[in-house]
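Structural description and commentary
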Amino acid sequence: QVMLVESGGGLVQAGGSLRLSCTASTDFFSILDMAWHRQTPGNERELVASIVVGGSTNYADSVKGRFTISRDNTKNTVYLQMDSLKPEDTAIYYCKGTSRITGNSWGQGTQVTVSS
């Protein structure tokens, strides 16, 4: 497995922005498909956005047009730029890395709280 460390969470007012970062400690970052998921109490973890090795991206309908996922293979880091935040975006956000060599790896999560 790969160690993933998220950062950038916090408290923000509705309409504000945050940028989450997830840094991987591995020599295999460039072959990882990366994703951000989020989870609220009592609910299952849901996919927010993903970016595969080739750079193609995918977004949940609820965040399209507001969130942007990107990666920097030179820094072993994936980002989630979150704009126009809403109270319903409040959750713990988790980074996930996947490859056939390393399997699935998860970060410890970072809390995002959006106040109304």
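Overview of the structure. (Residues numbered from 1 in each chain as written. Predicted model: local features only at pLDDT ≥ 70, side-chain atom pairs only at ≥ 80, totals over all residues. Heavy atoms only, no water.)

Here's the deal with the nonpolar core
Quick note on the threshold: To define a nonpolar core, start from buried Ala, Val, Leu, Ile, Met, Phe, Trp, Tyr and Cys residues and group those joined through side-chain atoms within 4.5 Å. Buried means the residue's accessible area, taken with a 1.4 Å probe over protein chains only, is under 20% of the maximum for its type, while exposed means over 50%, and partly exposed covers the values in between. Working definition: helices are DSSP H or I runs of at least four residues, strands are E runs of at least two. Numbering for both runs from the N terminus. Should any heavy atoms of two residues lie within 4.5 Å, those residues are counted as being in contact.
In terms of nonpolar packing, the biggest core is built from 28 residues, with Met-34, Trp-36, Val-78, Leu-80, Met-82 and Tyr-93 touching the most fellow members. Broken down by secondary-structure element, the contributors of at least two residues to this core are β3 (18–25), β4 (33–39), β5 (46–51), β7 (67–72), β8 (77–82), β9 (91–99) and β11 (110–115). The leading source of residues in this core is β3, at four residues. Leave out the neighbours within four places in its chain, and Leu-80 touches Leu-18, Arg-19, Leu-20, Trp-36, Val-48, Ala-49, Phe-67, Thr-68, Ile-69 and Tyr-93.

Some details on the pattern of salt bridges
What counts here: Definition used for salt bridges: Asp or Glu carboxyl oxygen within 4 Å of a side-chain nitrogen of Lys or Arg.
One pass over the full model with this rule turns up four salt bridges. Among the ionic pairs, Glu-46 bridges to Arg-38, the shortest N-O distance being 2.7 Å. By relative accessible area, which is 36% here, Glu-46 ends up partly exposed. Residue classification places Arg-38 among the buried residues on the basis of a relative accessible area of 7%. Here Arg-66 ties to Asp-89 by a salt bridge, and the two come within 2.7 Å at their closest N and O atoms. Taken together, the residues Arg-66 in the loop between β6 (57–59) and β7 and Asp-89 in the loop between β8 and β9 connect sequence positions 23 residues apart. Judged by its relative accessible area of 11%, Arg-66 is buried. Classification of Asp-89 as buried rests on a relative accessible area of 1%. One network of salt bridges, in which partners are shared, links Arg-38, Glu-46, Arg-66 and Asp-89.

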